[in-house]
Amino acid sequence: MSFVPGQPVTVVTQRIEIQKLRQGDNLILGFSIGGGIDQDPAQNPFSEDKADKGIYVTRISPGGPADVAGLMMGDKIMQVNGWDMTMMTHDQARKRLTKKNEDVVRLLVTRKSLEEAVRHSIGSYSKQ
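Residues numbered from 1 in each chain as written. Predicted model: local features only at pLDDT ≥ 70, side-chain atom pairs only at ≥ 80, totals over all residues. Heavy atoms only, no water.

In the nomenclature of an unreviewed UniProt entry, the protein chain corresponds to Tax1-binding protein 3 from the organism Salarias fasciatus.

**Some thoughts on the pattern of salt bridges**
Cut-off, in case you're wondering: One speaks of a salt bridge when a side-chain nitrogen belonging to Lys or Arg is within 4 Å of a carboxyl oxygen belonging to Asp or Glu.
Enumeration according to the criterion identifies six salt bridges in this entry. Within the structure, one salt-bridge network assembled from shared partners comprises D91, R94 and K95.

**As for helix α2 (residues 90-97)**
For clarity, the threshold we go by: The classification of residues rests on relative accessible area computed with a 1.4 Å probe and restricted to protein chains. Under 20% of the type maximum is buried, over 50% is exposed, and intermediate values are partly exposed. Helix and strand definitions follow DSSP, with helices as H or I runs of at least four residues and strands as E runs of at least two, each counted in order from the N terminus. Picture the helix axis, draw a direction to every C-beta atom, and the arc is the one those directions span. Pairs of residues are marked as contacts when any of their non-hydrogen atoms sit within 4.5 Å.
Of all the residues in α2, the buried ones are A93, R96 and L97. Each buried residue of α2 sits inside an arc of 95 degrees when the element is viewed along its axis, so together they form one side. For α2, the elements touching its buried residues are β4 (31-35), β5 (55-60), β6 (76-80), β7 (83-84) and β8 (104-110).

**Some remarks on the nonpolar core**
Which entries qualify depends on this criterion: What makes a nonpolar core is a set of buried Ala, Val, Leu, Ile, Met, Phe, Trp, Tyr and Cys residues whose side-chain atoms join them at distances within 4.5 Å.
Among the nonpolar cores identified, the biggest contains 19 residues, and I18, F31, L71, I77, L97 and L107 are the most heavily contacted of them. Those elements that provide at least two residues to this core are β1 (14-19), β4, β5, β6, α2 and β8. Excluding residues that lie within four positions of it along the chain, L97 makes contacts with K20, L29, F31, I33, I77, V80, V105 and L107.

**Focus on the packing of aromatic side chains**
Put simply, the rule reads: Note on aromatic pairs: the rings of Phe, Tyr and Trp (six-membered ring only in Trp) are paired at centre separations within 6.5 Å, and the planes decide the class, stacked below 30 degrees, edge-to-face beyond 60, tilted for the rest. Placement of a positive charge over a ring is assigned whenever Lys NZ or Arg CZ falls within 6 Å of the ring centre and within 35 degrees of the normal to the ring plane.
In this structure the tally under the stated criterion is one aromatic pair. A ring pair is formed by F46 and Y56, whose centres lie 6.1 Å apart and whose planes are at 20 degrees; its orientation type is stacked. Taken together, the residues F46 in the loop between β4 and β5 and Y56 in strand β5 connect sequence positions 10 residues apart. By relative accessible area, which is 27% here, F46 ends up partly exposed. The ring of W83 carries the charged tip of R96 above its face, separated from the ring centre by 4.0 Å.

Structure, rendered in structure tokens:
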């Protein structure tokens, strides 16, 4: 997904709800993130144009809460519980995801396969 900073973007999103797993005092989500406005976007393996400073899923624990909920490696996190994640530092994003008083995390994500499916269906529709 390519974009110009400060300009609106249109994306295809999917809602994912993750029930955190309680282990003692810890609440486990079962995934790791990378990216953020304070990180070098050239190091992001999921950014097509190497300028995207978004928050991306970099690891999924097999069988963990995120895996069960359908989150996928490479998903770009657009919102967490209604909070915009597109202009956050890595640490701000981590804190938003790991709030102790929230047992459920509601994500709005975009992934390349969603965008490709919509492009394909629009192309098929316009040929009819």
